[in-house]
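# Topology and contacts: notes
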Amino acid sequence: MKALVFDSGPIISLTLNGLLWMLRLLKQRFKGDFCITKAVYGEIISYPLHTKKFKLEAFQVLHLINEGVLKVVDSPAIAQRASSLMETANHTYSVGDHPLAMFHYAEMTVLAACVELKAEAAVVDEKMTRIVLENPGRIIRVLAKRMHHKPSMDGARLEALQAELRGLRIIRSSELATIAYELGMLRHYIPDPSVMPQPKAELIDAILWGLKLNGCAISEKEIKQVVKIEGK
Amino acid sequence: MNMLPEVKADILAVLDKLIAILQAKDDKDALEVRELSSHVIHDATLFEEKDAISVAVFVYGFSKIMQRMGQDIDYREFSAPLSAAAKDLEADDLEGFRDTMRKLFRMVSSRDEKINLYVSDVLRHARIKHGSNVCEHGMSCAKSAQLLDVSQWELMQYIGKTTHSEQMGDGHDIRSRLQFARGLFS
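Residues numbered from 1 in each chain as written. Chains lettered and ligands numbered in written order. Predicted model: local features only at pLDDT ≥ 70, side-chain atom pairs only at ≥ 80, totals over all residues. Heavy atoms only, no water.

For chain B, the count of helices and strands is 10 helices and 0 strands. Listed N to C, the secondary structure of chain B is α-α-α-α-α-α-α-α-α-α in terms of helices and strands. Dimensions along the principal axes, computed over C-alpha positions, put chain B at roughly 70 × 40 × 25 Å. As presented, chain B carries roughly 8,400 Å² of accessible surface, and 48% of it is formed by carbon and sulfur atoms. One way to put it: in chain B the 24 positive side-chain charges average out to a point 5 Å from where the 30 negative ones average out. (Helix = DSSP H or I, 4+ residues; strand = E, 2+ residues; numbered from the N terminus. Areas by Shrake-Rupley, 256 points an atom, 1.4 Å probe, with all protein chains shown as cover. Lys, Arg positive; Asp, Glu negative; His and termini not counted. Charge placed at Lys NZ, Arg CZ, Asp CG, Glu CD.)

Residues and elements named next belong to chain A. Where burial is concerned, the two faces of strand E1 (residues 3–6) agree: the one with Ala3 and Val5 and the one with Leu4 and Phe6 are both buried. With 4 bridges joining them, E1 and strand E2 (residues 33–37) adopt parallel strand pairing. Bridging across to E2, leucine 4 finds its partner in phenylalanine 34. Judged from the 3 bridges that link them, E1 and strand E6 (residues 121–123) form a sheet pairing that is parallel. Considered in E6, the bridge of valine 5 is made with alanine 122. (Buried < 20%, exposed > 50% of the residue type's maximum accessible area, 1.4 Å probe, protein only. Pairing = 2+ DSSP bridges.)

In this section: empty space enclosed by the protein. For the coordinates displayed, the defined rule picks out 2 cavities of 30 Å³ or more. One number sums up the size of the largest cavity: a volume of about 130 Å³. Every residue lining the largest cavity is counted, 15 residues in all, and those nearest its centre are Lys127, Gly215 and Ala217 of chain A together with Ile159 and His164 of chain B. It is helix H9 (residues 152–160) of chain B that provides the largest number of residues to the lining of the largest cavity, a total of 3 residues. Taken together, the residues of the lining of the largest cavity break down into 6 nonpolar, 5 polar and 4 charged. When we break the lining of the largest cavity down by domain, the ones giving at least three residues each are domain 1 (3–171) and domain 2 (173–230) of chain A. (1 Å grid on protein atoms, 1.4 Å probe; cavity = no way out; pocket = protein on both sides within 12 Å on 5 of 7 lines; lining within 4 Å. Points joined across faces, edges and corners; volume = space filled by probe spheres on them. Nonpolar A, V, L, I, M, F, W, Y, C, P; charged D, E, K, R; others polar. Domains from an automatic or database assignment.)

Our focus in this paragraph is the interface of chain A and chain B. Accessible area lost on assembly of the parts is the figure often given for the size of an interface. On the side of chain B, 47 residues touch chain A, which itself brings 69 residues to the contact. At the boundary of chain A and chain B, one finds 3 salt bridges. Measuring nitrogen to oxygen at the nearest pair gives 2.8 Å for the salt bridge that ties arginine 182 of chain B to glutamate 182 of chain A. Remark: the boundary between chain A and chain B carries 13 residue pairs in polar contact (both at pLDDT 80 or more). Across the side of chain A that touches chain B, the residue classes tally to 34 nonpolar, 12 polar and 23 charged. (Contact = heavy atoms within 4.5 Å. Salt bridge = Lys/Arg side-chain N within 4 Å of Asp/Glu carboxyl O. Polar contact = N/O pair within 3.5 Å; in protein donor to acceptor, adjacent residues only side chain to side chain.)

On to the sheet that holds strand E7 (residues 151–153) of chain A. Residue and element names in this part refer to chain A. Strand order across the open sheet formed by 3 strands is E5-E4-E7, with antiparallel pairing between neighbours. Where the open sheet ends on each side, the last strands, each with one partner, are strand E5 (98–99) and E7. Where strand E4 (residues 93–95) meets E5, 2 bridges bridge the pair, whose relative direction is antiparallel. Directly across from valine 95, in E5, lies its bridge partner histidine 98.

So, on to the domain arrangement of chain A. All names here are of chain A. Here the domain parsing of chain A yields domain 1 (3–171) and domain 2 (173–230). Listed by partner, the interface residues are 19 residues for domain 1 and 17 residues for domain 2. Of the roughly 1,500 Å² buried where domain 1 meets domain 2, counting both sides, 72% is carbon and sulfur surface. Joining domain 1 to domain 2, the criterion identifies 0 salt bridges. (Buried area = accessible area lost by both parts, 1.4 Å probe.)

Next up, the structure:
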């Protein structure tokens, strides 16, 4: 069975933009499972259900789980692999003698579930998880700039991490929304050209900025590129 | 367990500067105090140090209250407990230090009934803001939320309004990302 494993971020940014419904249509098209791990469930549902703020949003996500659009996955193998990934990832970068514990267990369960389920991709909006997989050298430069200390990288651990996660691709909510747009799932939002000169370009721009402003790590430059590609 | 010497030195430096600012009122006080709060935030990232977070949150929140209350705030009231906190920390009396910090939080929260709600809001905002700073220092979003005890929902909303995602180069260009995503749904 095909699978995509979602981190908290994309669910949050889609919900906050009123675009969670899109997952229902995307899943039908995907013909596979949209999964969240038990730890991610805790972050996006259990925690806000005990608060006033974002409680309603948690109900909306819960509804999608009850409908079977999102499937909660959990197994000892996922938990064990997540712990091992976390141990490696959180000891890869250090400042002096102090390893930088940069990652949370829930994020590692997403990557672990991808490996265990042989998922097609992880859906992650947060930038650090993505950068450590796609451009790990960049992290050193960012840390050096921000921490005012020279960080070091344990090459062997990074190699082990990358070997374990080899082939794993990451997509963001912005890619999901762009594909939904391409597939016509958002066409009901396109206004008449009399309202604005380039309604399609404006819509895709609005969607991507909405996601960005609610935490999806997409740059302004990337948004401009997508608008150029899609807004014709 | 003793606090790491680096963290202790940073917190003491911040407390000393804050006490010095509170010696005499000046128009720039609130701004100077706000800037102080970021001085300890790298300790939070590097050492996951809760005391550094507590000081950063207090100092930021205090700066906002100074801004709001202007001349109505009595600096002398805060100088004594701040000096006591610094003294406790200097003597490695962490329990005493934490007690005094709690007292300081209570003091700002109970300043005035009218301002009480505002203070809770400011302190909450201070946590979210520092969560975002920790994120900028290289921690993941979930880890930062955990460290600052805020929800990821709040943190994501805040981070979205910052320039964090502009600051990092990516591994794949947007065309290849879209091409891969299209393949998943074709």
